Amino acid sequence: MAADTRLPLIPQAPEGLSLRARYFVEGHGLRVPHRDLTLYQEVWLQNGIPPAEIDRAVTFHERWGGIALPPAPAYEGGPRVLEADVPEGSAVSGWRFSAGGCRVSMAYGFMIGPGGEFGIDADHWTPLHASTEGWVEALALADHAGYWAKTITKIKGGAVEELDLDGFEPVPEVQGLADTWWRGKDSLIAVYRGEASGFDASHCLRAHIYGGQVER
């Protein structure tokens, strides 16, 4: 009998994630078929893409490619499936490659930046988290907080700038850049600045406040 070469539907979470994020990936994610990027390396080299940038894309793809995760609480859902594509950029502006196609039509794409940052390419490049791990940790934390919180308050625009974060500490695992998470005594606050920064549009600022029971 021939061996079953089909991919398992349940993904194995990459190493380096928190226990919460590993449960999120393996409990809520799916593994779907994805391309073998090594087949494109020679063509990319012929088109002037540096070998180091090709290696970065291939490494990302081997680690994350084919993992489909639930929608994000912001950005109209995020990538449908994590999947690298041809690197683009230059030595001057830096090189980036796609982190995966969007769930819906957007005015930007999700990209992996020169230093491995996970961000959006809107009117200009805006890193959201210092790594893909940070993005996944943020998705897992939003799922966790949304389940356990007694209240969820959503605010936008100028009201976000008025948030009092005194007594709150940043949540380190999300590796926040434009997007940050803050932990207080009995609440969590997620601040989403990506679209506001990417489009220079302050009205796009968003924050979600999760109150009560989040210590779980």
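Above this text you will find the structure in question.
Residues numbered from 1 in each chain as written. Predicted model: local features only at pLDDT ≥ 70, side-chain atom pairs only at ≥ 80, totals over all residues. Heavy atoms only, no water.

Asker: Is there a simple way to explain the pairing of strand β5 (residues 109-112) in this structure?
Answerer: The side chains of a regular strand alternate, first on one face of the sheet and then on the other. Burial along β5 is two-sided: the face carrying Gly109 and Met111 and the face carrying Phe110 and Ile112 are both buried. Looking at chain direction, strand β4 (residues 94-100) and β5 are connected through three bridges and run antiparallel. For Ser98, the partnering residue across the bridge sits in β5 and is Met111. Sheet analysis places β5 next to strand β6 (residues 118-121), joined by four bridges and oriented antiparallel. (Buried < 20%, exposed > 50% of the residue type's maximum accessible area, 1.4 Å probe, protein only. Helix = DSSP H or I, 4+ residues; strand = E, 2+ residues; numbered from the N terminus. Pairing = 2+ DSSP bridges.)

Asker: Hey, could you run me through the sheet that holds strand β8 (residues 151-156) in this one?
Answerer: Sheet strands pair via backbone hydrogen bonds, and the direction of the pair is either parallel or antiparallel. Within the open sheet, the five strands sit side by side as β8-β12-β11-β10-β9. Their pairing is antiparallel. The open sheet has two edge strands, β8 and β9 (169-170), and neither has a second partner. Alignment of strand β10 (residues 179-183) against strand β11 (residues 187-192), held across five bridges, turns out to be antiparallel. Residue pairing in the sheet places Thr180 in a bridge with Val191 of β11. Sitting on the sheet, helix α4 (residues 132-148) is in contact with β8, β10, β11 and β12 (206-211), with an inclination near 45 degrees to β10. (Contact = heavy atoms within 4.5 Å. Axes fitted to C-alpha atoms, helices over the stretch in contact; angles between N-to-C directions.)

Asker: What is the right way to look at the nonpolar core in this model?
Answerer: The nonpolar side chains of a soluble globular protein tend to be buried with one another. Counting 49 residues, the largest nonpolar core has Val25, Leu69, Tyr75, Phe110, Trp135, Trp181 and Tyr210 as the members making the most contacts within it. Looking at this core, the elements with two or more residues in it are α1 (19-28), α3 (51-64), β4, β5, β6, α4 and β11. With eight residues, the top contributor of residues to this core is α4. The contacts of Trp135, once residues within four sequence positions are left out, are Ala72, Tyr75, Gly78, Pro79, Phe110, Phe118, Leu128 and His129. Within the second largest apolar cluster, ten residues are counted, among which are Ile189, Ala196, Cys204 and Ala207. (Core = buried A, V, L, I, M, F, W, Y, C linked by side-chain atoms within 4.5 Å.)

Asker: Would you explain the packing of aromatic side chains in this entry?
Answerer: How two aromatic rings sit relative to each other is set out by the distance from centre to centre and by the angle between their planes. Summed over the entire model, instances satisfying the criterion amount to 13 aromatic pairs. Ring centres of Tyr108 and Phe199 lie 5.8 Å apart, and the angle between their planes is 50 degrees; on these two criteria the pair is classed as tilted. Taken together, the residues span a long stretch of sequence, with Tyr108 in the loop between β4 and β5 and Phe199 in the loop between α6 (194-198) and β12 at a distance of 91 residues. Its relative accessible area of 7% is what places Tyr108 among the buried residues. Under the relative-accessibility criterion, Phe199 is labelled partly exposed at 24%. Ring geometry for Phe110 against Trp135: centres 5.7 Å apart, planes inclined by 55 degrees, an arrangement best described as tilted. Of this pair, Phe110 sits in strand β5 while Trp135 sits in helix α4; the two residues are 25 residues apart in sequence, bridging distant segments of the chain. (Phe/Tyr/Trp six-rings, centres within 6.5 Å; stacked < 30°, edge-to-face > 60°.)

Bear in mind that shape data such as this cannot, by itself, settle questions of function.
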